[in-house]
Amino acid sequence: MGEVDEAFIQAVEHRPKLTITEAEGIPLINLSISNSNSIETLVGEIGDACKNWGFFQVINHGVPLENREKLELASRKFFAQAMEEKLKVRRDEVNPLGYYDTELTKNVRDWKEVFDLAVKNPTVIPTSPEAGDKGLQELVNRWPEYPSELRVAYEEDAKEMEKLAYKLLELVWSNERYESVEHRVMVNSEKERFSMRFSFNPNHDVMVEPLEELITEQNPAKYRAYNWGKFFANRRRSNFKKLGVENIQISHFKITEE
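Bear in mind the structure is a predicted one, so any value in this text is a computation, not a measurement.

The next point concerns the environment of F194. For F194, the position within the fold is in the loop between helix 4 (150-169) and strand 9 (207-208). Apart from the residues lying within four places of it in its own chain, the contact partners of F194 are E72, S75, R76 and F79.

Here it is in structure tokens:
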């Protein structure tokens, strides 16, 4: 392997910490409901997993394995094509849906290829992150000519994944009780890494804030409410160009004690 382009090199503070943490195994949550596995039991198990681990695996979730297998096969066919073919559905700053290979994270280029799609097609988002800009735009999925089965495979899997996301959403609430685990992907020089991520996002006009039921004098809101659409519009800009500032994070909305 030759020299690595400086565009891919992360600042020291953002590089993976090469330490090993031994654990018994990540939590495995059974989502099937029975006399011995009630909603209360599920809420408790998921709460413990979120608090102590930050992630978990689910079984008996209702998403057919066949859906994932068909989507993975079609996706591998797409990425195996020549760059010329993939660039025919290249995404851009106007429509961030489609193929891309120069995405940025923390203002540094990622060593990866992506193909982003939306569950709702079209998806409506703000035209800019500016508070006074009321403009909206529609994002439309870009579909490649090959493989022709990719669209059907994606739409079938996304439909079932959305159902699962709603089910999990009813079981998990926070207000900083749970924190997302810091995670980094490390390059494997011998084997490619292939993942299919499903992000469950609200509508553009939703204000994200803790539920009223979670707020008390002893447990006040720890974050200011923010508009999801504006947040997304801000974050997507940092995927395409260096902004010279830190990417917007949830921490930017944290309420500081005076």
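Back to the write-up after that little detour.
Let us look at the nonpolar core. In terms of nonpolar packing, the biggest core is built from 11 residues, these being L71, A74, F78, V89, Y99, F115, W143, L150, A153, Y154 and A158. Per-element tally for this core: the top contributor is helix 4, with four residues. Other than its neighbours up to four places away in sequence, L71 contacts L150, A153, Y154, D157 and M196. By size, the runner-up hydrophobic cluster in this structure holds 10 residues, among which are L31, I46, L164 and L171.

Turning to helix 1 (residues 39-52), a few remarks are in order. Over its 14 residues, helix 1 runs 20 Å from end to end, which matches the ideal 20 Å to within 8%, given 1.5 Å per residue. Among the residues of helix 1, those classed as buried are L42, I46, G47, A49 and C50. Buried residues along helix 1 cover an arc of 165° about the axis, so they all sit on one side. Among the exposed residues of helix 1, those pointing more than 90 degrees away from its buried face are E40, K51 and N52. Residues of helix 1 that are buried sit in contact with strand 1 (28-30) and helix 4. G54, located one to two residues past helix 1, shows a positive phi value of around 95°.

With that settled, the discussion passes to the packing of aromatic side chains. Inspection of the entire model under this criterion finds 13 aromatic pairs. Note on W228 and F232: the rings are 6.3 Å apart at their centroids and 35° apart in plane angle, and the pair reads as tilted. In this pair, W228 and F232 both sit in helix 5 (residues 228-237), four residues apart, roughly one turn of the helix. Among the aromatic side chains, those forming a connected cluster through ring pairs are F78, F79, Y99, F115 and F194. Geometry around F194 places R76 over its ring, the cationic atom sitting 4.4 Å from the centre. K254 extends its terminal NZ or CZ atom over the ring of Y223, reaching a point 5.1 Å from the ring centre.

Tracing the sequence through the fold places N234 in helix 5. Among residues more than four places away in sequence, those in contact with N234 are P129 and I248.

Conventions we followed
- Residues numbered from 1 in each chain as written.
- Predicted model: local features only at pLDDT ≥ 70, side-chain atom pairs only at ≥ 80, totals over all residues.
- Heavy atoms only, no water.
- Helix = DSSP H or I, 4+ residues; strand = E, 2+ residues; numbered from the N terminus.
- Contact = heavy atoms within 4.5 Å.
- Core = buried A, V, L, I, M, F, W, Y, C linked by side-chain atoms within 4.5 Å.
- Buried < 20%, exposed > 50% of the residue type's maximum accessible area, 1.4 Å probe, protein only.
- Expected span 1.5 Å × (residues − 1).
- Arc of directions from axis to C-beta.
- Phe/Tyr/Trp six-rings, centres within 6.5 Å; stacked < 30°, edge-to-face > 60°.
- Lys NZ or Arg CZ within 6 Å of the ring centre and 35° of its normal.

Any link to function would need more than the numbers given here.
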